[in-house]
Amino acid sequence: MLEDLLKQRQALLDNAQSPLQLLRQLDRRLVLWSEQHPQDLALDSWRKAQGDAPAFWSGALRSELAMRLRACARDESFEQVQSEADSEYEEGSYWQMLACHSGMELPREWPEPPQQQLWAAMAASRRGQEAKVDACWQACVSMQTGAMLVSEPAVKSLLSELWPAGNPFWREWFFPLLLAAPEQLHPAMINDLAGRVSDASVIEAMGISGSDRFLPLLAEVASHGGEPGEVASEALQRRKAHNQDLGQRYRQWWASWLRVQGAPWSLFGGCW
């Protein structure tokens with residue numbers, strides 16, 4: 001049952017047009033199942049059930065469920081789940097959860113992998129602290145939060161430092177930077193993507209920016225079809241939509257993650 005729920009959840013998250021309400025309905029079932037079967041949150045059982053789901057959101061989801069069940073009647077299986085969750089601070093999923101939620105203390109040791117350093121810098125910023133991570137990740141988060149001036153020279157310099165280590169997870173740092181930057185910097189930042197990511201990803205970034213200057217190009221690309229055309233069409237439709245889908249949820253989070261609790265992939269899609 002847990003495996004089926006996680007597969008359904010992944011399918012929703014993989015579709016940017018999925019309604020937020022569907023995710024929340026599914027997560028209510030997931031919480032109920034976890035309350036009735038806490039042994040399924042044990043690390044080995046969870047990893048088996050998650051299949052090929054992205055480890056970062058799946059691991060963070062497991063930690064969120066364990067936190068939610070903390071107030072429930074404890075039994076031996078739940079104690080094991082909580083112990084495993086508390087010992088996972090070295091994994092990216094735990095740092096990701098700290099970056100998305102306030103109230104938990106930071107571990108004493110800081111991570112070394114670049115993606116975890118990004119999450120650690122975000123987690124520290126959320127708590128008014130400075131992370132002991134590489135300067136480029138600290139600067140990245142400082143620009144996102146307004147603690148550092150976002151100017152064209154500063155952005156160009158920072159991007160050149162972030163790409164070598166941050167290419168595999170570029171959306172996690174590029175989109176928040178894009179939305180924090182003045183609109184006049186968007187063309188230069190979008191141009192910087194060309195040659196680094198696919199054409200469809202460049203079109204995706206144009207849509208994420210929300211800038212009107214890209215509307216004519218999005219309309220032209222949409223008329224030609226193909227993968228870039230589909231991405232452009234989704235971006236144009238989203239600007240007209242009144243109901244919130246998960247694609248809109250992501251854009252909202254990238255623009256304001258410091259002021260909200262949770263993330264689009266969090267339990268119930270986060271709280272905001």
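Up top you'll find the structure we're talking about.
This structure is a prediction, so every number in the text was calculated from the model and none was measured.

Examining the pattern of salt bridges
Moving on, step 1. Enumeration according to the criterion identifies seven salt bridges in this entry.
Moving on, step 2. The closest approach of N and O atoms between D27 and R9, which form a salt bridge, is 2.7 Å. Taken together, the positions of D27 in helix α2 (residues 20–36) and R9 in helix α1 (residues 2–14) put the pair 18 residues apart, joining distant regions of the chain. Taken individually, D27 and R9 each receive the classification buried, so the pair is uniform in this respect.
Moving on, step 3. Here R239 makes a salt bridge to D212, at a shortest N to O gap of 2.4 Å. With R239 in helix α14 (residues 226–240) and D212 in the loop between α12 (199–209) and α13 (215–224), this residue pair connects regions lying 27 residues apart in the sequence.

A short note on the packing of aromatic side chains
Moving on, step 1. If you walk through the whole model with that rule in mind, you get 15 aromatic pairs.
Moving on, step 2. Here W119 and W265 contribute two aromatic rings whose centre-to-centre distance is 6.1 Å and whose plane-to-plane angle is 80 degrees, an arrangement assigned as edge-to-face. Linking W119 in helix α7 (residues 114–126) with W265 in the segment after α15 (246–256), this pair joins segments that are 146 residues apart in sequence. Per residue, the accessibility class of W119 equals that of W265, and both read buried.
Moving on, step 3. Note on W170 and F175: the rings are 5.3 Å apart at their centroids and 70 degrees apart in plane angle, and the pair reads as edge-to-face. For the residue pair W170 and F175, the accessibility class agrees, reading buried in each case.
Moving on, step 4. Here a set of aromatic residues connected by ring pairs shows up, and it is made of W119, W163, W170, W173, F174, F175, Y250, W253, W254 and W265.
Moving on, step 5. Seen from the ring of W272, R249 lies directly overhead, with NZ or CZ sitting 3.6 Å from the centre.

Examining the environment of M143
Moving on, step 1. Residue placement: M143 occurs in helix α8 (residues 135–145).
Moving on, step 2. Here the alpha-carbon distance between M143 and L177, two residues 34 residues apart in the chain, equals 6.8 Å.
Moving on, step 3. With residues up to four places along the chain from it excluded, the contact list for M143 reads M148, L149, V150, A154, V155, L158, L177 and A180.

About the cut-offs
Residues numbered from 1 in each chain as written. Predicted model: local features only at pLDDT ≥ 70, side-chain atom pairs only at ≥ 80, totals over all residues. Heavy atoms only, no water. Salt bridge = Lys/Arg side-chain N within 4 Å of Asp/Glu carboxyl O. Helix = DSSP H or I, 4+ residues; strand = E, 2+ residues; numbered from the N terminus. Buried < 20%, exposed > 50% of the residue type's maximum accessible area, 1.4 Å probe, protein only. Phe/Tyr/Trp six-rings, centres within 6.5 Å; stacked < 30°, edge-to-face > 60°. Lys NZ or Arg CZ within 6 Å of the ring centre and 35° of its normal. Contact = heavy atoms within 4.5 Å.

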